[in-house]
Amino acid sequence: MRKNRSAALAAASFLLLGGMFIATAPSAYAGTPGGTRANDRNTDFNGDGYDDVLVGAPGATVGGHTGAGLVTVQYGGSGGMGTTRSAVFSQDTTGVPGGAETGDAFGQAVATGDLDGDGYDDAIVGAPGEDLASFADSGGGVVFWGTPRGLTGADSTWLQSDELAAGRHFGSALAAARFSDTTPGDLLAVLDDAGLSIYRYETAPAAARTTGKNLARDSRRNFTQNAPAARAAQDEPEGIQPKSLTTGDYDANGFADLVVSGTSVGSEPGHGWSYVLPGTASDADPLPILAVRGGPVVASGDVNGDGKDDLITGEPHSPDDGGETMTGGLVGVHYGSATGPYGEPEWWTQNTTGVPGTAEKGDGWGSDLSVGDTNGDGFADLAVGASGEDIGTVADAGAVWVLRGSAGGLTATGVKDFNQNSTNVPGTAEKGDKFGAQVAFTDPNDDGRFGLLAAAPGENTNDGVIWVFSAGSGGVTATGSWTYGAGSLHAPYQNARFGAAIDD
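Residues numbered from 1 in each chain as written. Predicted model: local features only at pLDDT ≥ 70, side-chain atom pairs only at ≥ 80, totals over all residues. Heavy atoms only, no water.

**Details of the overall build of the protein chain**
Our working rule: A helix here means a DSSP run of H or I that spans at least four residues, while a strand means a run of E at least two residues long, and both kinds are numbered starting from the N terminus. In what follows, a contact means two residues having at least one pair of non-hydrogen atoms within 4.5 Å. Only the protein chains shown count as cover for residues, with accessible areas throughout obtained via the Shrake-Rupley method and a probe of 1.4 Å.
A count of helical and extended segments in the protein chain gives 1 helix and 33 strands. Within the protein chain, counting contacts between residues at least 6 apart in sequence, those at least 24 apart form 59% of the total. For the protein chain, the computed accessible surface area is about 17300 Å², with 48% contributed by carbon and sulfur atoms.

**Overview of the side chain of Asp443**
So the rule is basically this: The definition of a polar contact used here is a pair of N or O atoms within 3.5 Å, where within protein one atom must be able to donate a hydrogen and the other to accept one, and adjacent residues in sequence count solely through side-chain atom pairs.
Structurally, the position occupied by Asp443 is in the loop between β27 (438–442) and β28 (451–456). Within polar-contact distance, the side chain of Asp443 engages the backbone nitrogen of Gly448 at 3.0 Å. Ignoring any residue separated from it by four or fewer positions in sequence, one finds Asp443 in contact with Asp51, Gly448, Arg449 and Phe450.

**Points about the pattern of salt bridges**
Our working rule: Here a salt bridge means any side-chain nitrogen of Lys or Arg lying within 4 Å of a carboxyl oxygen belonging to Asp or Glu. Note on exposure labels: buried denotes an accessible area under 20% of the residue type's maximum, exposed denotes more than 50%, and partly exposed covers the range between, all computed with a 1.4 Å probe on protein chains only.
Scanning all chains against the criterion turns up 5 salt bridges. Across the pair Arg168 and Asp192 runs a salt bridge whose closest N-O atoms are separated by 3.0 Å. Of this pair, Arg168 sits in the loop between β9 (157–159) and β10 (173–177) while Asp192 sits in the loop between β11 (187–191) and β12 (195–202); the two residues are 24 residues apart in sequence, bridging distant segments of the chain. Across the pair, Asp192 and Arg168 agree in class, each one buried. Among the salt bridges present, the one from Arg200 reaches Glu202, with a minimum N-O distance of 3.4 Å. Residue classification places Arg200 among the buried residues on the basis of a relative accessible area of 18%. The structure contains a network of salt bridges with shared partners spanning Glu163, Arg168 and Asp192.

**What to know about the nonpolar core**
Test applied: To form a nonpolar core, buried Ala, Val, Leu, Ile, Met, Phe, Trp, Tyr and Cys residues must be joined to one another through side-chain atoms within 4.5 Å.
Within the largest apolar cluster, 24 residues are counted, with the highest numbers of intra-cluster contacts made by Trp348, Trp365 and Leu382. For this core, the secondary-structure elements that each account for two or more residues are β19 (297–301), β21 (330–334), β23 (365–372), β24 (381–386), β25 (399–404) and β26 (411–418). Core analysis: the second largest hydrophobic core is formed by 21 residues, Val55, Leu453, Leu489 and Ala496 among them.

**Details of the sheet that holds strand β8 (residues 140–144)**
Condition: By definition, two strands form a pair when at least two bridges between them are found by DSSP. To obtain an axis, a line is fitted to C-alpha atoms, over the contacting stretch when the element is a helix, and the angle between two such axes runs from 0 to 180 degrees between their N-to-C directions.
Taken together, the 4 strands give an open sheet; going across it, the order is β6-β7-β8-β9, and neighbouring strands pair in antiparallel fashion. The open sheet has two edge strands, β6 (109–113) and β9, and neither has a second partner. Within the sheet, the average angular offset between the axes of one strand and its neighbour, ignoring direction, is 20 degrees. Taken together, the 3 bridges between β8 and β9 define a ladder with antiparallel strand orientation. Its bridge partner lying in β9, Val143 is registered against Thr157.

**Examining unusual backbone geometry**
In the segment running from Gly295 into Pro296, the intervening peptide bond is cis, with an omega of 10 degrees. When you line up the elements, Pro296 lands in the loop between β18 (289–293) and β19. With phi around 55 degrees, His169 is a residue other than glycine that occupies positive phi space. Residue placement: His169 occurs in the loop between β9 and β10.

**Some thoughts on the sheet that holds β27**
Strands sit in the order β27-β28-β29-β32 across an open sheet of 4 strands; the sheet is antiparallel. Each having just a single partner strand, β27 and β32 (482–484) make up the two edges of the open sheet. Mean inter-strand twist for the sheet, computed between neighbouring axes without regard to direction, equals 25 degrees. Pairing between β28 and strand β29 (residues 465–469): 5 bridges, direction antiparallel. The residue of β29 that forms the bridge with Leu453 is Val468.

**Quick notes on the environment of Leu188**
Secondary-structure assignment places Leu188 in strand β11. With 76 residues separating them along the chain, Leu188 and Thr112 place their C-alpha atoms 9.1 Å apart.

**Some words on the packing of aromatic side chains**
Defined as follows: Whether two aromatic rings pair depends on their centres lying within 6.5 Å, for rings of Phe, Tyr and Trp, where Trp uses its six-membered ring; planes under 30 degrees apart make the pair stacked, over 60 edge-to-face, and the rest tilted.
Scanning the entire structure with this criterion turns up 9 aromatic pairs. Taken together, a centroid distance of 5.1 Å and an interplanar angle of 50 degrees make the contact between Phe89 and Phe144 tilted. Here the residue Phe89 occupies a position in strand β5 (residues 86–89), and Phe144 occupies one in strand β8, the gap between them amounting to 55 residues. A residue is classified by how much of its surface remains accessible, and Phe89, at 6% relative accessible area, is buried. On the accessibility criterion, Phe144 (1% relative accessible area) is buried. Taking 5.7 Å as the distance between ring centres and 70 degrees as the angle between the ring planes, the aromatic pair formed by Tyr484 and Phe498 counts as edge-to-face.

**Section: the side chain of Thr72**
Here Thr72 is to be found in strand β4 (residues 70–74). For Thr72, the contacting residues outside a window of four places in its chain are Val53, Leu54, Val55, Ala87, Val88, Leu489 and Phe498.

**Digging into the environment of Thr43**
Mapped onto the elements of the fold, Thr43 is located in the loop between β2 (19–22) and β3 (53–57). Looking at Thr43, the relative accessible area reads 9%, which means it is buried. C-alpha separation for the pair Thr43 and Asp114, spaced 71 residues apart in sequence, amounts to 8.8 Å.

**Looking at the confidence of the model for the protein chain**
Inclusion rule: Each residue carries a pLDDT score, the predictor's confidence in it, ranging from 0 to 100.
Scored by pLDDT, the protein chain has a mean of 87; 86% of the residues are at 70 or more. Ignoring residues within four places in sequence, the model shows residues 1–39, a span with pLDDT below 50, making 131 contacts including any to other chains. The low-confidence segment residues 206–210, where pLDDT is below 50, has 6 contacts with residues more than four positions distant or belonging to other chains.

**Overview of the pairing of β27**
Extensive coverage of β27 is indicated by the burial of 5 of its 5 residues. Burial along β27 is two-sided: the face carrying Gln438, Ala440 and Thr442 and the face carrying Val439 and Phe441 are both buried. Bridging between β27 and β28 involves 5 bridges; their strand directions are antiparallel. Within β28, the residue paired with Ala440 across the bridge is Leu453.

**Here we look at the pairing of strand β15 (residues 240–248)**
In terms of burial, β15 is a largely internal element, 7 of the 9 residues being buried. Both β15 and strand β16 (residues 257–264) contribute to a ladder of 8 bridges, which runs antiparallel. Bridged to Ile240 within β16 is Ser264.

Here it is in structure tokens:
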């Protein structure tokens, strides 16, 4: 249990209602505008120009405490990503606030962004199982600040909700991007079971700091009751239980938009819906919030190469009107436009022409999504995980598909699918592996072609393993693919659920 320790969570003059972030702008901004196209990603902790990889293992035993959790960092370079240039962080790491405790689930959610605008990206790690004062599972998080040496525990900053409550699970989802020109760095979005909080970096004298650098909470939004007034093409939900976040510049105005995704509550519960909160300059008119069908899994990228990010939603377990689980799962594509990702989505399932396989109940197609350009043709491709896919008679072994982007949008032409029984893929499909529970495109050697990470957090009875697929002129390939786990990075690995979260 941690005593109530705040990270300078001061009130601020900042709005998040009807429009996006409105405040007074500083004179300059040091970061990159926050879309999710390749040149906008924020995963370079040491500023060397190469993407780094942040992975969560929330089940890891640390200091004898089961489920305390940890994260690993692998630094990119001209040779790509390996297991030697790496580091491991937990709440027992020197300088990190608090201490490892049973059930903290540190690493259940991870995100990156340059919060202080110093040119070094920062890592944000959620611990939704953290107990605070007398409140079990109130939740919290830690910001690791990027430096020329990469991430360290020194001066890391603790985050928690202003309103502590048992079972709040603060830090269950995270995202950071440049939503406006109101701060010198990216803004940080944090979910808990009740809603959304936004934080900004705040300079303050060292004597005023409680832990590390200062972050101030700017706004709070509840999505479970009285859903935001929104402009939508379909009937809007009465509210959503928020579960995930993504960012993307869907209208190409130079500012990232924030997506809060979840499942509907009220009279028609369980359906996937997402709210798009548009980012704008501080002197621009506020833009309306959009409600779009699909979720609770979301990802962003420019699939059709028009300069606007597209919003992709995954609905792995959605009920139909009769209350039965939708067969297999489905993925929706909302293409960006001058007004954002507005309108009826383009739906994809395993029964879509050209997609390998057949939609079956429990597949979980859309368990996770990632968007990135795998062959350098200027069109982002889509990775779709299905952690419940049966491989032959092996239940819930899991599989991954990669659909190609094109000028006409997402296409099944050239689609690839992988599982542990595929040629050149290490391992063997086993019951409950959940291969594809997490997928993430990454470009650690900066060659403009994004390789794929596919995690099976259930592998080896919940130890967790990640598969690495490289990419070339033909996109992602199984040739030369390899695996690693927490033990490969000299971290505790038993029941660690390594790969349960990968920054994307």
